[in-house]
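# Observations on the three-dimensional arrangement
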Amino acid sequence: MTPTEPHTDSREAHTSTGERPSDSRADRFVRELADLKIPDPAAARAGLWLRLGAALMAVGLVLAVSAYFVSHNTQNPLDQRDALALGLGGIAGTVVGAALFLRYSLTGFLRFWMARQSYDLAVLADRLAERDLNHDLTSTDAAPR
């Protein structure tokens, strides 16, 4: 666009890129997310691993606490050793469950954050490119800050 051409509405400028003028920003964002082919964060497999991690955390904690009470309520060293092994297994299960839960709960959030960041950077690049097109290069004015 040269400085002598009239300024057009921003909606009219977007029609040349294939976007409809009636699209809202959210509609464009959803369409661009579909174009990125990012898997759905609410997929069944990820939800299954998330629930499995939470269940493993809870079961491991219950197992560790019950093993503590078993080992302290008996005088038989064989039962105490079994309870200690069971308690360590419960602690290991809790740690693994916490790792699974944390991994699959953060995955959905970080995937959305990355897509949102990508979209915002694309909008910023479009804005900067439009500003460069509108800037008169023959002007002797100081550069905008």
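One can find the structure itself at the top, above this paragraph.
The structure reproduced in this document is the subject of the present report. Computed from a prediction, not measured in an experiment: that's the story for all the values here.

Applying the stated criterion across every chain yields a total of 1 salt bridge. Note that Asp-120 and Arg-116 form a salt bridge whose closest N and O atoms lie 3.5 Å from each other. Here the residue Asp-120 and the residue Arg-116 both occupy positions in helix 4 (residues 77–134), the gap between them amounting to 4 residues, near one helical turn. Classification of Arg-116 as partly exposed rests on a relative accessible area of 30%.

The subject of this paragraph is the packing of helix 3 (residues 44–72) against helix 4. Where helix 3 meets helix 4, the closest approach of the two axes is 7 Å, and the angle between their N-to-C directions is 155°. The angle between the axes of helix 3 and helix 4 places the two elements in the roughly antiparallel class. Every pair of crossing elements has a handedness; the one defined by helix 3 and helix 4 is left-handed. Here the contact of helix 3 with helix 4 is built from residues that sort into 20 nonpolar, 10 polar and no charged.

This part covers a nonpolar patch on the surface. Side chains of Leu-102, Leu-106, Phe-109, Leu-110, Trp-113 and Met-114 sit close together on the surface and give an oily, nonpolar patch of about 640 Å² of accessible area. Mapped onto the elements of the fold, Met-114 is located in helix 4.

This next bit is on helix 2 (residues 25–36). The end-to-end C-alpha distance of helix 2, which contains 12 residues, comes to 17 Å, matching closely the 16 Å that a straight helix rising 1.5 Å per residue would cover. Once helix 2 ends, the next one or two residues include Lys-37, with phi positive near 55°.

A few words now on helix 4. Between its first and last C-alpha, helix 4 extends 84 Å over 58 residues, near the 86 Å set by a 1.5 Å rise per residue. Its maximal kink placed at Thr-107, helix 4 deviates by approximately 30°. On its buried face, helix 4 is in contact with helix 2 and helix 3. At the N-terminal end of helix 4, a side-chain oxygen is found 3.1 Å from the backbone nitrogen of Leu-78, two or three residues along, and the residue is Asn-76.

Moving on: the packing of aromatic side chains. Within this structure, the stated rule accounts for 2 aromatic pairs. Measuring from ring centre to ring centre gives 6.3 Å for Trp-49 and Tyr-104, while their planes differ by 10°; the resulting arrangement is stacked. Taken together, the residues Trp-49 in helix 3 and Tyr-104 in helix 4 connect sequence positions 55 residues apart. Its relative accessible area of 33% is what places Trp-49 among the partly exposed residues. Looking at Tyr-104, the relative accessible area reads 22%, which means it is partly exposed. Note on Tyr-68 and Phe-69: the rings are 5.5 Å apart at their centroids and 70° apart in plane angle, and the pair reads as edge-to-face. Classification of Tyr-68 as partly exposed rests on a relative accessible area of 47%. With relative accessibility at 47%, the residue Phe-69 sits in the partly exposed group.

So, about the environment of Phe-29. Structurally, Phe-29 is set in helix 2. Taking the C-alpha atoms as reference, Phe-29 lies 9.7 Å from Asp-120; in sequence the two are 91 residues apart. The contacts of Phe-29, once residues within four sequence positions are left out, are Phe-112, Ala-115, Arg-116 and Tyr-119.

Rules used in this analysis
- Residues numbered from 1 in each chain as written.
- Predicted model: local features only at pLDDT ≥ 70, side-chain atom pairs only at ≥ 80, totals over all residues.
- Heavy atoms only, no water.
- Salt bridge = Lys/Arg side-chain N within 4 Å of Asp/Glu carboxyl O.
- Helix = DSSP H or I, 4+ residues; strand = E, 2+ residues; numbered from the N terminus.
- Buried < 20%, exposed > 50% of the residue type's maximum accessible area, 1.4 Å probe, protein only.
- Axes fitted to C-alpha atoms, helices over the stretch in contact; angles between N-to-C directions.
- Parallel < 35°, antiparallel > 145°, perpendicular 65-115°, else oblique.
- Left-handed = near helix turned anticlockwise from the far one by under 90°.
- Nonpolar A, V, L, I, M, F, W, Y, C, P; charged D, E, K, R; others polar.
- Patch = residues over 30% accessible without salt bridge, like charges linked within 9 Å, V, L, I, M, F, W, Y side chains within 5 Å.
- Areas by Shrake-Rupley, 256 points an atom, 1.4 Å probe, with all protein chains shown as cover.
- Expected span 1.5 Å × (residues − 1).
- Bend = angle between axes of the 7 residues up to and from the residue.
- Contact = heavy atoms within 4.5 Å.
- Polar contact = N/O pair within 3.5 Å; in protein donor to acceptor, adjacent residues only side chain to side chain.
- Phe/Tyr/Trp six-rings, centres within 6.5 Å; stacked < 30°, edge-to-face > 60°.

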